[in-house]
Amino acid sequence: MTCLLSKKVKTKNIESSLRKFALENKLPLDKLSFDINKIETYIKTVADDDFVLYEKDIHHYYSDYDKMINEHVNFRQFYIITIKQEPTTITLNYEILYSENSTSASIVIFPDSIIKYKNYTLKELYFALLSEINKIKAKNNILINIFDKQMLEQLKKFTHYIIGGKFVKKIKLPLFNGVEPEITRNSKLILHYREKDKTHQVVEVNEGEILVEFLKPIFGKNGLNVFGETVSNDLLINKNDLSCRVDKESIEIIEETDRKIYKSKKKGYIHIDDNDFYIDNKIKINNLSRIDNSIAKDEKNNIEVIISQDDATLDSLGEGVNLTSEVIHIAGHVGAKSTLKAVSLTIDGATHQDSLQEAKFAMINRHKGKLRCHSAKIKLLEGGEVRATNVEIDSCMGGTIYAETVTIGQVKNNLKVYASNSITIRLVSGENNLFKISYKDIPTLNSRFNYLASEMEDLKYTLEGALKHSLSQVSIIKEEIQKIKLQQDKIVDCVKTAKITIKEPFMGINTITFVIDSNNELTFKTEEKLYDSFYLEESDLEITLHPTNKKISIKS
């Protein structure tokens, strides 16, 4: 085929020169070939500031390996090539293999390569193959014409092999045999976080914790690689180092002379795979078993745990699991004897009757266990217990509620509600339910009252001392005592402003109770009818439970 276009260039990067020529001439890259016209070899030793063209016999220079290594010799080659719009007569299908530190390289040539050996004599084929292999080496920046004695010997055997028609399986030829460094310590990757894998399904780490440590190889004697570079501690092929992308927002990389440290920049959970390595405050797993007895010990850790079990017959949270985190989302069911503690808790499935949940905000689909929280939203209470400040429930089938404010959609049977401020229910369709206003039955208010009582006793003791020794403090202490007294009265008197509202007619016998004090309460059994809101009205002589005629006398 006639050569249509050609260009002679001097280059260190043949691949880049080919692409540039193809772009300038609007030609496909695979239609171009090149010949190597000349090779210029430059060397640099410890005595040189830069690379110097070596015009003597290069083979003589590198024959003394010890001298070359001691002088820290580096090689660099430039190529004068002719780029042509002309196909090659030999097209090799190949793969290049490098040793760990790239001190040697081999080529694997596959039998589907195009080698029209019948057009050549044995000698012509040898030089044609040598030319093609040197071009492959040059394109891959592997030094040419040095450290290739073994390659030349094996290439002669390969040529005979081809001429004899025996090239039917892939064959491996050495391309370059450099100088292996003497290593006093091999490189090693230490995954410190894996120590936690032994006892935990998921790995939680703290801020400043060393996650991974890469120990760099230490060379007792330098080597030389296929690219002409001295292999030393300054030029490491970190084959055993992490190859994935490291998120620098969550992980700090500390580069030291003999090691590289990967340290966490925040508290969270480790995510690592072939592509990414990062720490996040959110983790999603299919299930959590008892072996992971606590994956986060502090609810203020800005951690979100999502546990999702696709099989509806299995618990997402296994039996006996203790889990503490800022945000917990269980997409399935919660097993027996498990404990959840969170600021925000969401359970899409059901809680076991022998399970415990503690949260500031809780959203539960079906609740059978014990819940302690500030605010609870439950779709179905199914015999479970709720202790909270505010409770909203769609439907109840038994169970017990202790809260200041309670709102329920529908109540069936055997539910007990203890509240201090209000109970609001749309429909009570069953019976044997108790709706009771009593602050003493509300754990949060009872604890608050007892705390205030303790504070009051301390202030009274302080007042006695002030009356004797510091009269200027008496008025201040009395003000504090009065404030506490008002807070106590507000708790005790909440029954006077409390309401129980059932919006639709009762369908059975249920109990309404207002506890006035330790010795007095008003109780009313409902009939199957609609009632206005239940509340207390106090006069000079009596307290009346409206809308009933139930009364209790006030002792003067």
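The structure presented is a predicted model; accordingly, all values stated were derived computationally and were not measured. (Residues numbered from 1 in each chain as written. Predicted model: local features only at pLDDT ≥ 70, side-chain atom pairs only at ≥ 80, totals over all residues. Heavy atoms only, no water.)

**Comments concerning the overall build of the protein**
- Summing up its helical and strand segments, the protein has 9 helices and 41 strands in all.
- For the protein, the residues scored as buried account for 44% of the 556 residues in total.
- A separation of at least 24 residues holds for 48% of the contacts in the protein among residues at least 6 apart in sequence.
- For the protein, the accessible surface area stands at approximately 29900 Å², while carbon and sulfur atoms represent 47% of it. (Helix = DSSP H or I, 4+ residues; strand = E, 2+ residues; numbered from the N terminus. Buried < 20%, exposed > 50% of the residue type's maximum accessible area, 1.4 Å probe, protein only. Contact = heavy atoms within 4.5 Å. Areas by Shrake-Rupley, 256 points an atom, 1.4 Å probe, with all protein chains shown as cover.)

**Some words on the sheet that holds strand S18 (residues 251–255)**
- Across the sheet, 4 strands lie side by side as S11-S13-S19-S18; this open sheet has antiparallel pairing. Among the strands making up the open sheet, the edge pair consists of strand S11 (188–191) and S18. Pairs of neighbouring strands in the sheet enclose a mean axial angle of 15°, with direction left out of account.
- By the bridge criterion, 5 bridges tie strand S13 (residues 210–215) to strand S19 (residues 259–264) in an arrangement that is antiparallel. In the strand pairing of S19, isoleucine 210 is matched with lysine 263. (Pairing = 2+ DSSP bridges. Axes fitted to C-alpha atoms, helices over the stretch in contact; angles between N-to-C directions.)

**Quick word on the nonpolar core**
- Counting residues in hydrophobic clusters, the biggest one holds 51 residues, and the most contacted among them are Ile401, Ile408, Phe435, Ile500, Phe514 and Phe534.
- Beyond its immediate stretch of four places on either side in the chain, phenylalanine 534 contacts Ala498, Lys499, Ile500, Phe506, Ile512, Phe514, Phe524, Thr526, Leu545, His546, Pro547 and Thr548.
- Ile109, Ala128, Leu224 and Val226 belong to the second largest nonpolar core, which has 36 residues in total. (Core = buried A, V, L, I, M, F, W, Y, C linked by side-chain atoms within 4.5 Å.)

**A few points about the sheet that holds strand S17 (residues 245–246)**
- Pairing is mixed in the open sheet, where 4 strands are placed in the order S12-S20-S21-S17. Both edges of this open sheet fall to strand S12 (204–205) and S17, since each of them pairs with a single strand only.
- As paired strands, S17 and strand S21 (residues 276–280) are joined by 2 bridges and run parallel to one another. When the bridges of S21 are listed, valine 246 appears paired with phenylalanine 277.

**Observations concerning the pattern of salt bridges**
- Inspection of every chain in the model, using the stated rule, returns 23 salt bridges.
- With a shortest N-O distance of 2.7 Å, lysine 84 and aspartate 35 are connected by a salt bridge. Residue lysine 84 is located in strand S4 (residues 74–84), and its partner aspartate 35 is located in strand S2 (residues 33–44); the two are separated by 49 residues in the primary sequence.
- Among the residues examined, aspartate 35 registers a relative accessible area of 29% and is labelled partly exposed. (Salt bridge = Lys/Arg side-chain N within 4 Å of Asp/Glu carboxyl O.)

**Some thoughts on the packing of aromatic side chains**
- One pass over the full model with this rule turns up 13 aromatic pairs.
- Seen in terms of ring centroids, tyrosine 439 and phenylalanine 449 are 5.8 Å apart; in terms of plane orientation they differ by 50°. Their pairing is tilted. With a gap of 10 residues between them, tyrosine 439 in the loop between strand S35 (434–437) and helix H7 (443–469) and phenylalanine 449 in helix H7 connect regions that are remote in the sequence.
- Among the aromatic residues, those joined into a cluster by ring pairs are Phe506, Phe524, Tyr531 and Phe534.
- Taking the ring centre of phenylalanine 34 as reference, the NZ or CZ of lysine 135 above it sits at 5.5 Å. (Phe/Tyr/Trp six-rings, centres within 6.5 Å; stacked < 30°, edge-to-face > 60°. Lys NZ or Arg CZ within 6 Å of the ring centre and 35° of its normal.)

**Concerning the side chain of glutamine 357**
- Inspection of the secondary structure puts glutamine 357 in strand S29 (residues 356–367).
- Not counting the four nearest positions on each side in its chain, glutamine 357 is found in contact with Val334, Leu340, Leu345, Ile347, Thr351, His367, Gly369, Lys370, Leu371 and Arg372.

**Looking at unusual backbone geometry**
- Put simply, histidine 546 and proline 547 share a cis peptide bond, and its omega is 5°.
- With respect to the secondary-structure elements, proline 547 resides in the loop between strand S40 (542–546) and strand S41 (550–553).
- Positive phi is not limited to glycine here, since serine 102 has a value of about 60°.
- Inspection of the secondary structure assignment puts serine 102 in the loop between strand S6 (94–98) and strand S7 (104–109).

**Describing helix H4 (residues 122–139)**
- In this model H4 runs 26 Å from its N-terminal to its C-terminal C-alpha over 18 residues, within 8% of the 26 Å that 1.5 Å per residue would give.
- Residues of H4 that are buried include every one of Leu125, Tyr126, Ala128, Leu129, Leu130, Glu132, Ile133, Asn134, Lys135, Ile136, Lys137 and Ala138, and no others.
- Immediately downstream of H4, the backbone of asparagine 141 shows phi near 60°, a positive value. (Expected span 1.5 Å × (residues − 1).)

**Focus: the packing of H7 against helix H8 (residues 474–492)**
- Put simply, H7 and H8 touch, their axes get as near as 9 Å, and they point 160° apart. Between H7 and H8, the interaxial angle falls into the category roughly antiparallel. For the crossing formed where H7 meets H8, the hand is left-handed.
- Broken down by class, the residue content of the contact of H7 with H8 amounts to 15 nonpolar, 3 polar and 6 charged. (Parallel < 35°, antiparallel > 145°, perpendicular 65-115°, else oblique. Left-handed = near helix turned anticlockwise from the far one by under 90°. Nonpolar A, V, L, I, M, F, W, Y, C, P; charged D, E, K, R; others polar.)

**Re the environment of isoleucine 393**
- In this structure, isoleucine 393 sits in strand S32 (residues 390–396).
- Excluding residues that lie within four positions of it along the chain, isoleucine 393 makes contacts with Ile378, Lys379, Leu381, Ile401, Thr407, Ile408 and Gly409.

**With respect to the side chain of serine 375**
- Positionally, serine 375 belongs in strand S30 (residues 370–381).
- Each residue touching serine 375, except ones within four places of it in the same chain, is listed here: Lys360, Phe361, Ala362 and Asn390.

**Overview of the pairing of S18**
- As paired elements, S18 and S19 share 5 bridges and run antiparallel to each other. Across the sheet, the residue bridging to isoleucine 254 is isoleucine 261, located in S19.
- Turn length for the S18-S19 hairpin, with the two strands adjacent in sequence and antiparallel, is 3 residues.

**Things to note about the packing of H4 against helix H5 (residues 149–163)**
- One way to put it is that H4 packs onto H5 with a least axis distance of 10 Å and a crossing angle of 125°. Put simply, H4 runs oblique to H5. Crossing geometry of H4 relative to H5 is assigned as right-handed. Contacts between H4 and H5 pair Leu122, Leu125, Tyr126, Leu129, Leu130, Ile133, Asn134 and Lys137 from the former with Met151, Leu152, Leu155, Lys156, Phe158, Thr159, His160, Ile162 and Ile163 from the latter.
- Of the residues belonging to the contact of H4 with H5, the class tally is 12 nonpolar, 3 polar and 2 charged.

**Section: the environment of isoleucine 162**
- Position of isoleucine 162 among the secondary structure elements: in helix H5.
- Of the residues examined, isoleucine 162 reaches a relative accessible area of 3% and is grouped as buried.
- Measuring from C-alpha to C-alpha, the distance between isoleucine 162 and tyrosine 126 comes to 10.0 Å, with 36 residues separating the pair along the chain.

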